[in-house]
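For reference, the chains in residue letters:
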Amino acid sequence: MTTTPARPRRGDIQGLRAVAVALVVVYHAFPGVVRGGFVGVDVFFVISGFLITGLLLRELDGTGRIRLGHFYARRMRRLLPAALTVTLVTLIAAAMVYGPLRFVQVLRDAAWATLSLANVNFGMDPDGYFTTTAPSPFLHFWSLSVEEQYYLLWPVLLIGASLIWKRRGALGLLVVVLVGSLVTSVLLTSSGSPMAYYSLATRAWELAIGGALAWFTRPRPALTVGGAERDGRLTHMPQWFRTTLLLVGGAAILASALRFSVVTPFPGWAALVPTVGAALVIASGTGGRAPLPWFLGNPISRYVGDISYSLYLWHWPVLVIGMMVFGDAVAVRLGLVALAFLLAAGSYRFIEQGYGRIRRAARARTVVATGLAAALVFSAGAAGIAAAIPLDSGKAAPVAPETASFDSGPGFLPKGVPSNAKPSIEGLEDDLAPVFTNGCYAATLQVCSGGDPGGVKTVVLAGDSHAGMWWPAFDAAAKQKGWRLYIVGKNGCPIVDVRVSVGATADAWPECDRWQAEAVDAVASLHPDLIVVDNYAAGYRAKVSLRDNFAEQWEPAAVSTLAELGKAAPVMVFGPEPVLPSAPGDCLPEHVFDVSACAMPREKAVSADLQELSSRIAAEAGATLIDPTTLLCTATVCPVISYNLIMYRDANHFTATFSEHLAPAVADLLD
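For clarity, every value in this text was computed on a predicted model and none was experimentally measured. (Residues numbered from 1 in each chain as written. Predicted model: local features only at pLDDT ≥ 70, side-chain atom pairs only at ≥ 80, totals over all residues. Heavy atoms only, no water.)

**Q** How should the overall build of the protein be read in this particular structure?
**A** The secondary structure content of the protein amounts to 27 helices and twelve strands. Expressed along its principal axes, the backbone C-alpha trace of the protein runs to roughly 90 × 50 × 50 Å. Each of the 671 residues in the protein was classed as buried or not, and the buried ones make up 54%. A sequence separation of at least 24 residues applies to 79% of the contacts in the protein between residues at least 6 apart. Counting only carbon and sulfur atoms, one obtains 62% of the accessible surface of the protein, whose full area is about 28,200 Å². Counting 51 positive and 50 negative side-chain charges, the protein places the averaged centre of each group 21 Å from the other. (Helix = DSSP H or I, 4+ residues; strand = E, 2+ residues; numbered from the N terminus. Buried < 20%, exposed > 50% of the residue type's maximum accessible area, 1.4 Å probe, protein only. Contact = heavy atoms within 4.5 Å. Areas by Shrake-Rupley, 256 points an atom, 1.4 Å probe, with all protein chains shown as cover. Lys, Arg positive; Asp, Glu negative; His and termini not counted. Charge placed at Lys NZ, Arg CZ, Asp CG, Glu CD.)

Put into structure tokens, the structure is as follows:
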């Protein structure tokens, strides 16, 4: 990830690079082994700050100036050929395995990456780095973009600081950047902003730590301190102290890699542990040598350090695309890591070293101009291809009338994806009901309100994400009818007293247990006139904790919960909604001219046993059962598009746009 310094490579730094890239690769391939392996990137940042600042300070001290053209040319010669090669190969592979919509998104990610703005692109994703469900094969370019932005700005800032503050200008600038960026990092991390992870503003202090170390250890005229002369090379450190720095720094990096995880607020204060650790390791070998431990100084580690940039580039797209094609078995992941290593070795030998030798004689201005042109051509080409891929049929559909009814079915069914589709295919995943984005569906129980605040009657919507997807419809209907509306919901956790395990594991989920224990009383405390319940039963019978004898566990618990709710108000409960064969975002782009391929036969969209189970539960609990299939399906099929509205954002959740369209049907329920 870092550039080659002008002076001979230090073995300890090459070994540290190997540790950093190994942490990142192992974390991405086997996240359970080193849960905090992402700190390898922070180690890289410190190395970059140390090497690049040292290079610039040596030039500034020796000549009184920094030749920007030569600096930028060295960076481009070192970084750009390999990055563009990986980008091109990744796009070719993505075109072979991804559907049209996903490929369009990957093309756009590539366009941002080649402009060194990947961190800005991914920082706009509200999911954040650790919760990305379908990671881009260019996601790892975010850290390269941070470094490239640093390469662009840092020499200019150093020149300005040296003009203003002379010899102390660099130190003053480093202090300002370190303190200002660290404060920004802490504040944004505590706010939960996704940009906290990706932004140069929140990461510059990590580079500044390395830069400060370079300032204090660079060769420079002797300074008089307390009557004695000292230089800046740390040559007078005793060997035991160097060894101590090495051990403490290495322990800090290892501890953060093993103890940190996706729940650690990061970067913020936590990032001080691996970054200071990296600085201590570098300091231990500056101006002298601490005996290198075998894992840093052996030839294999040094070689991995040499190819670390190429290995970082290759490993992520190989893992992301490879696991999509071949699965994620341990043997597959080991094979993919081996493949990434071979590609990195070839890339280092024939691109990094080979291209550097060929282009070494080129003038700096020529290299910079060629590099910029190549990046722009790649970016424009990727964006242009993305724009040329059709994501609709080119024909408009009739606009959906405001007459939805449980008796009328879905209405007009277009043959292709309408050119006036709402939401667009590209906007499907983001077309969420507000309750999913405004904190209503949180780790702890929340009660959120809507409808008419001055209404004389109260309706409460309760359940999991399937209750939440009805919110736009109920909110609009409640406003129309003059009802107050509340919601008590949690993603993946039903308002049914059953044990729900975490994900695909058998692990207990105490967070859901607590929510379930509080939810019924929370609903009753709102003094409702009507309670409407919806739970995604089809999803829970696949849970490890429920898949054995699902009906025997679910039915009595659901009856008990609905009966308890019925003590507070009449209860309506939704029967199972249709489940599609695949997410519309995956299916529709491949069938823009025949969307019927993405629909589901009615008898398969909702299993008969779940319908029967829902009917029994409602009858036993004294609740009113609502059959949503009469609203969402024809007599034979459950479609994906109604009029110009895409109905689902995934295989079983409505888009917010379609949900709001259902308000007239919901209003009939409130009468």
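**Q** Where do I start with the state of the cysteines in this structure?
**A** Here, the word disulfide means a covalent bond between the sulfur atoms of two cysteines. Under the definition given, this model contains four disulfides. Each disulfide pairs two cysteine sulfurs, and for Cys633 the partner residue is Cys638, the sulfurs being separated by 2.0 Å. Taking the torsion about the S-S bond as the criterion, the Cys633 to Cys638 disulfide, at about 95°, is right-handed. For Cys633, a relative accessible area of 3% corresponds to the buried category. (Disulfide = S-S within 2.5 Å.)

**Q** Help me understand helix α9 (residues 200-217), please; the structure alone is not making it clear to me.
**A** Residue pairs spaced three or four apart in an α-helix point in one direction, given the helix's 3.6 residues per turn. With 18 residues, α9 should cover 26 Å at 1.5 Å per step; its first-to-last C-alpha distance of 25 Å lies within 8% of that length. Extensive coverage of α9 is indicated by the burial of 16 of its 18 residues. Looking at where α9 begins, the residue whose side-chain oxygen comes 3.0 Å from the main-chain nitrogen of Ala201 is Ser199. (Expected span 1.5 Å × (residues − 1). Polar contact = N/O pair within 3.5 Å; in protein donor to acceptor, adjacent residues only side chain to side chain.)

**Q** What am I meant to see in the pairing of strand β7 (residues 571-574) here?
**A** Note on strand geometry: in a regular strand, side chains alternate between the two faces of the sheet. Burial along β7 is two-sided: the face carrying Val571 and Val573 and the face carrying Met572 and Phe574 are both buried. One ladder, built from three bridges, connects strand β6 (residues 530-534) with β7; its direction is parallel. Opposite Val533, over in β7, you have Val573 as the bridge partner. Sheet analysis places β7 next to strand β9 (residues 624-626), joined by three bridges and oriented parallel. From the neighbouring strand, Val573 faces β9, where its bridge partner is Leu625. (Pairing = 2+ DSSP bridges.)

**Q** Is there a simple way to think about the layout of surface pockets in this case?
**A** A probe matching the size of a water molecule, rolled over the atoms, marks out where space remains unfilled. By volume, the second largest pocket amounts to about 570 Å³. As for the second largest pocket, its lining consists of 24 residues, of which Met76, Leu115, Ser116, Glu148 and Leu372 are closest to the centre. A breakdown of the residues in the lining of the second largest pocket according to their chemical character gives 17 nonpolar, five polar and two charged. (1 Å grid on protein atoms, 1.4 Å probe; cavity = no way out; pocket = protein on both sides within 12 Å on 5 of 7 lines; lining within 4 Å. Points joined across faces, edges and corners; volume = space filled by probe spheres on them. Nonpolar A, V, L, I, M, F, W, Y, C, P; charged D, E, K, R; others polar.)

**Q** Is there a simple way to explain the packing of helix α21 (residues 550-566) against helix α24 (residues 608-621) in this structure?
**A** The axes of two packed helices give the description: the angle between them and the distance between them. α24 packs onto α21 with a crossing angle of 35° between their chain directions and a minimal axis gap of 9 Å. Our pair here, α21 against α24, has a crossing hand that is right-handed. The segment α21 lies against α24, with Phe550, Ala551, Trp554, Glu555, Ala558, Val559, Leu562 and Ala563 engaging Leu610, Leu613, Arg616, Ile617, Glu620 and Ala621. (Axes fitted to C-alpha atoms, helices over the stretch in contact; angles between N-to-C directions. Left-handed = near helix turned anticlockwise from the far one by under 90°.)

**Q** When you look at α24 in this model, what are you seeing that I'm missing?
**A** Taking 1.5 Å as the rise per residue, α24 with 14 residues should run 20 Å; its terminal C-alpha atoms sit 20 Å apart, in good agreement. Of all the positions in α24, only Leu610, Leu613, Ser614, Ile617, Ala618 and Ala621 are classed as buried. Buried residues of α24 fall within an arc of 130° about the axis and therefore sit on the same side. On the buried face of α24, the contacting elements are α20 (537-540), α21, β7 and β9. Among the residues trailing α24, Gly622 stands out with phi positive, at a value near 75°. (Arc of directions from axis to C-beta.)

**Q** Is there a simple way to explain the packing of aromatic side chains in this structure?
**A** Describing an aromatic ring pair means giving the distance of the ring centres and the angle of the ring planes. If you walk through the whole model with that rule in mind, you get 30 aromatic pairs. Arranged with centres 5.5 Å apart and planes meeting at 75°, the rings of Tyr27 and Phe38 form a pair that is edge-to-face. Here the residue Tyr27 occupies a position in helix α1 (residues 11-29), and Phe38 occupies one in the loop between α1 and α2 (40-63), the gap between them amounting to eleven residues. Here the two residues Tyr27 and Phe38 agree in accessibility, since each one is buried. Relative to Tyr197, the ring of Trp142 has its centre 5.0 Å away and its plane inclined at 50°; by these criteria the two rings are tilted. Residue Trp142 is located in helix α6 (residues 141-165), and its partner Tyr197 is located in helix α8 (residues 195-198); the two are separated by 55 residues in the primary sequence. Comparing Trp142 with Tyr197 shows no difference in burial state: the two are buried. By the ring-pair criterion, three or more aromatic residues cluster together here, those being Tyr27, Phe38, Phe45, Phe122, Tyr129, Trp142, Tyr197, Tyr198, Phe260 and Phe266. Above the plane of the ring of Tyr151 lies Arg75, whose end atom (NZ or CZ) is 6.0 Å from the centre. A cation over an aromatic ring shows up here: Arg203 above the ring of Tyr197, its NZ or CZ 4.5 Å from the ring centre. (Phe/Tyr/Trp six-rings, centres within 6.5 Å; stacked < 30°, edge-to-face > 60°. Lys NZ or Arg CZ within 6 Å of the ring centre and 35° of its normal.)

**Q** Looking at this structure, how should I read the sheet that holds strand β4 (residues 457-463)?
**A** Sheet strands pair by backbone hydrogen bonding; their relative direction is either parallel or antiparallel. Across the sheet, six strands lie side by side as β3-β5-β4-β6-β7-β9; this open sheet has mixed pairing. The strands lining the two open edges of the sheet, one partner per strand, are β3 (448-451) and β9. The mean angle between the axes of side-by-side strands here comes to 25°, regardless of whether they run parallel or antiparallel. Note: β4 against strand β5 (residues 483-489), seven bridges, orientation parallel. Paired with Lys457 across the bridge in β5 is Trp483. Contacting β4, β5, β6, β7 and β9, helix α27 (residues 663-670) runs over the sheet at an angle of about 145° to β7.

**Q** Any chance you could explain the environment of Gly492 here in plain terms?
**A** Position of Gly492 relative to the elements: it lies in the loop between β5 and α19 (510-524). Taking the C-alpha atoms as reference points, Gly492 and Pro137, 355 residues apart in sequence, are found 28 Å from one another. Those residues in contact with Gly492, other than ones at most four positions away along the chain, are Asp464, Val500, Trp509 and Tyr540.

**Q** Help me understand a nonpolar patch on the surface, please; the structure alone is not making it clear to me.
**A** Taken together, the side chains of Trp112, Leu115, Leu117, Val120, Met124 and Leu376 define a hydrophobic patch exposed on the protein surface, amounting to about 500 Å² of accessible area. Mapped onto the elements, Val120 comes out in helix α5 (residues 118-123). Given a relative accessible area of 30%, Val120 falls into the partly exposed group. (Patch = residues over 30% accessible without salt bridge, like charges linked within 9 Å, V, L, I, M, F, W, Y side chains within 5 Å. Salt bridge = Lys/Arg side-chain N within 4 Å of Asp/Glu carboxyl O.)

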